[in-house]
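Listed here are the chains, written in short residue letters.
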Number of protein chains: 2
Amino acid sequence: MIQVQLIENPQGIADCPGFKSAGVAADIREKGDLQRLDLALVTAEQPCNAAGVFTLNDVCAAPVHVCKAILSQPNMKVAGFVANSGNANAATAEQGMRDAKEMSAIAQLETGIGSPFLVCSTGRIGRKLPMGKIKSGIAAAAHALSSETQASLDAADAILTSDTRRKCATARFTYQGQTLTVAGIAKGAGMIEPNMATMLAFLTTDLEVDNAALKDTLVQACNQTFNRISIDGDMSTNDTVLLLANGKSGLVPNDSPELLQAFREAVLQVCDALAEKIVGDGEKVTKLVELVVEGCQSEQDAEKVARAVGNSLLVKTSWYGSDPNWGRLADAAGYARVGLKEACFDIHYDDVPALIGGLPQDSNLAQWKAIVSKKRFRITLNLNQGSGSFRLLTSDLSEAYVDFNKSE
Amino acid sequence: MIQVQLIENPQGIADCPGFKSAGVAADIREKGDLQRLDLALVTAEQPCNAAGVFTLNDVCAAPVHVCKAILSQPNMKVAGFVANSGNANAATAEQGMRDAKEMSAIAQLETGIGSPFLVCSTGRIGRKLPMGKIKSGIAAAAHALSSETQASLDAADAILTSDTRRKCATARFTYQGQTLTVAGIAKGAGMIEPNMATMLAFLTTDLEVDNAALKDTLVQACNQTFNRISIDGDMSTNDTVLLLANGKSGLVPNDSPELLQAFREAVLQVCDALAEKIVGDGEKVTKLVELVVEGCQSEQDAEKVARAVGNSLLVKTSWYGSDPNWGRLADAAGYARVGLKEACFDIHYDDVPALIGGLPQDSNLAQWKAIVSKKRFRITLNLNQGSGSFRLLTSDLSEAYVDFNKSE
């Protein structure tokens, strides 16, 4: 089996041969801030195969509709993508659709590339895109396009909103002496919940992968990673994950099961690393909690329990307060209503039992307290009724989250 | 139609003829606090018909199981109820069941009444009831039983946990020259969500109503009231609403459709008033929001939308910050996934349009701001796709909530 590994110190799109990036300050927030990078442009040396995974929200932002339309065309190839932060272009009706299409068209015009650009927006809902600023921003970005590291970092910065840290992850592996790459950048921070988060993620690879295989690979990776994280339980209108393959390496995974497997693994690793970075940098998050639900009658049941517990305000606030309040865990698990039986219910903090067969293990109290005081810990709930399991990466809820979100 | 009215300045159980109450300080929290009332005992002059509505949580507290067992007996009559705050007797396994049964038996023993007592507990989950304190508390309460107002207020106070205010509501009406009463007391505060809240409510009436009609009346009233409030989305393990009818008036609603109708209306009014008091006194709530969802294809769909919006952290924090962020409302309505179509979607703050047919009514911004700055306001979401509607009474989410719940 081919060894796939995340690299240390990933630098974003530039890690992948054959792509150029730019990130510029376009003042999309219309606050006169000419320092803050808020528009990213990425293109490839040659048109790319591409796949996307999108929010399931009924209220879907205009750029999501535009991406879906582009990606649904047979034998479609894309030039790259253009993305802005500061304005979501969501709940903007027909004008929003026109603006998203125009944003894509401007990128084509300014770069002089014949294939269409995918388009993403993130930020405040319900405001019209400032198209003048979008236009001059894209022109500046087209001019700045480069395969250098700094341009790549600028693009990774330009998609951030309330994130406090840039999010890059790159996986590499070797096949027949050649090094192959899947590089990714992401933004997260708020409205983080499955299917998907208020998150954007962009992955690029130099492998030659057809659109169907790209889509299949991306869907599977998202289900295992981005769809298993939660910060505040709010699903966004704009969530988008794109995967672009420029084929520069000339290697075609579909020709080799071994190579395909390595490619899938690389995409999974990059998505997993980005998902973890998103939760770790969630708005005003102080703790990262790995919630493992086991012993359910199905994976669906386990997911219900994990989401009930992981999104419970009372559970999240108790984590914030380093209070090993397993009673709240049991309460939330109970209202998932998958037929939990108290006498068969176990809870562990890391490896320390809190509840075994419904009986509190009070003598371990000092150990539970030490565990929930850590920055990262694991809680395992076992219903002992079957083999269904689900792992959710979630977070605490702090006073600072409320303060941060009380106005925009 | 008989006119049913809530009375001003309700005093709890004592408003209803033929019942006695007591509330005593039993130090159930085991903190040596001999001032805080934490055990309530209520009995009737004669055995009562009774009905109960309980939490749907899989993790159901021991007293809930005991109440259900008592109420399931044919032609059952009860002596009254005993309730403690400070300890939920939930997730306490077999010992918890023994303790709840014993608590009920002690009430019988100390009052010398032959019929069983219903039993309720509220407070911290996962701790054994301090049975010595329960025992001496019930003995003191049995001694203090009285039909006087002070005893009634003491009982209403003894069931409170993090509530800041006593919650009483009484409805009265006249039939054939006779005044009839439905009196109620409740506790709420945290873990407030449908089916039901972490709430206890106790209603009494001097009408003669059979158990089946009591149950039917109570279920319908709860569905219209307690099951349509939400503070933090957490459903408790102990939620219980009891309705006791002592028949002292000698009037039998089942003999007269008009009387039955008035009785049902009285129960509904009392439940509605108590539900509203519960949300208004939710943990660290600063605003009460009446969320009305209309135009859905079914009531179930409307409920899904209402709960998605009413439980969204981002929506609740924006209310707290007096930010008329209708974009977050639209986002949350969208992830309820009932097939919302943006172009048919209207949002109003009180009577001021924010979104009409998916188009923002930005010129009203100053008015929206004024409305969400109020202590109480209404938001109407209309999907314009059918006639299904749902009203949810909900609240904002404050930093103080997080602070308050970060440890117990």
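Residues numbered from 1 in each chain as written. Chains lettered and ligands numbered in written order. Predicted model: local features only at pLDDT ≥ 70, side-chain atom pairs only at ≥ 80, totals over all residues. Heavy atoms only, no water.

- Labelled according to an unreviewed UniProt entry, chain A appears under the name Arginine biosynthesis bifunctional protein ArgJ, originating from Thalassobacterium sedimentorum.
- Here is the UniProt Subunit (unreviewed entry) comment for chain A, exactly as written: "Heterotetramer of two alpha and two beta chains."
- The Sequence similarities (unreviewed entry) field of the UniProt record for chain A holds the comment "Belongs to the ArgJ family." (UniProt positions renumbered as here; feature names shortened; annotations may be inferred.)

**Digging into empty space enclosed by the protein**
Residue and element names in this part refer to chain A.
Thinking step 1. If you walk through the whole model with that rule in mind, you get four cavities of 30 Å³ or more.
Thinking step 2. Counted as a void, the largest cavity has a volume near 60 Å³.
Thinking step 3. Lining the largest cavity are Gln-224, Thr-225, Arg-228, Ile-229, Asp-272, Ala-275, Glu-276, Arg-391 and Leu-393.
Thinking step 4. Of the residues in the lining of the largest cavity, the class split is three nonpolar, two polar and four charged. (1 Å grid on protein atoms, 1.4 Å probe; cavity = no way out; pocket = protein on both sides within 12 Å on 5 of 7 lines; lining within 4 Å. Points joined across faces, edges and corners; volume = space filled by probe spheres on them. Nonpolar A, V, L, I, M, F, W, Y, C, P; charged D, E, K, R; others polar.)

**Details of the sheet that holds strand β15 (residues 388-395) of chain A**
Residue and element names in this part refer to chain A.
Thinking step 1. Spatially, six strands are ordered β13-β12-β11-β14-β10-β15 in an open sheet, and the strand pairing comes out mixed. The sheet terminates laterally at β13 (359-360) and β15, the two strands that pair on one side only.
Thinking step 2. Bridge count for strand β10 (residues 288-296) against β15 is seven bridges, and the pairing is antiparallel. In the strand pairing of β15, Leu-288 is matched with Ser-395. (Pairing = 2+ DSSP bridges. Helix = DSSP H or I, 4+ residues; strand = E, 2+ residues; numbered from the N terminus.)

**Remarks on the sheet that holds strand β10 (residues 288-296) of chain B**
Residues and elements named next belong to chain B.
Thinking step 1. Here we have six strands laid out as an open sheet, ordered β13-β12-β11-β14-β10-β15, and mixed in their pairing. Strands at the two margins of the open sheet, each flanked by one partner only, are β13 (359-360) and β15 (388-395).
Thinking step 2. Packed on one face of the sheet, helix α6 (residues 257-280) meets β10, β14 (376-382) and β15 and runs near 50° to β15.
Thinking step 3. Set on the sheet, helix α9 (residues 326-335) makes contact with β11 (346-349), β12 (352-356), β13 and β14; between it and β11 the angle comes to about 135°. (Contact = heavy atoms within 4.5 Å. Axes fitted to C-alpha atoms, helices over the stretch in contact; angles between N-to-C directions.)

**Digging into helix α10 (residues 365-372) of chain B**
Residue and element names in this part refer to chain B.
Thinking step 1. Within the span of α10, buried status applies to Trp-368, Ile-371 and Val-372. Taken around the axis of α10, the buried residues stretch over an arc of 90°, which confines them to a single face.
Thinking step 2. Tucked inside the fold, the buried residues of α10 contact α8 (313-320), α9, β11, β12 and β14. (Buried < 20%, exposed > 50% of the residue type's maximum accessible area, 1.4 Å probe, protein only. Arc of directions from axis to C-beta.)

**Quick look at the domain arrangement of chain A**
All names here are of chain A.
Thinking step 1. Splitting chain A by domain gives domain 1 (5-280) and domain 2 (288-405).
Thinking step 2. Placing a centre on the C-alpha atoms of domain 1 and another on those of domain 2 gives a separation of 33 Å.
Thinking step 3. On the side of domain 2, 14 residues touch domain 1, which itself brings 13 residues to the contact.
Thinking step 4. When the area that domain 1 buries against domain 2 is broken down by residue, the three leading residues are Arg-228, Ser-230 and Glu-276, summing to 46%.
Thinking step 5. Taken together, the links from domain 1 to domain 2 amount to two salt bridges.
Thinking step 6. Salt-bridge contacts for Arg-376 lead to Glu-276; the nearest nitrogen and oxygen are separated by 2.0 Å.
Thinking step 7. At the surface where domain 1 touches domain 2, the tally comes to four residue pairs in polar contact (both at pLDDT 80 or more).
Thinking step 8. Taken together, the residues of the side of domain 1 that touches domain 2 sort by class into four nonpolar, five polar and four charged. (Domains from an automatic or database assignment. Buried area = accessible area lost by both parts, 1.4 Å probe. Salt bridge = Lys/Arg side-chain N within 4 Å of Asp/Glu carboxyl O. Polar contact = N/O pair within 3.5 Å; in protein donor to acceptor, adjacent residues only side chain to side chain.)

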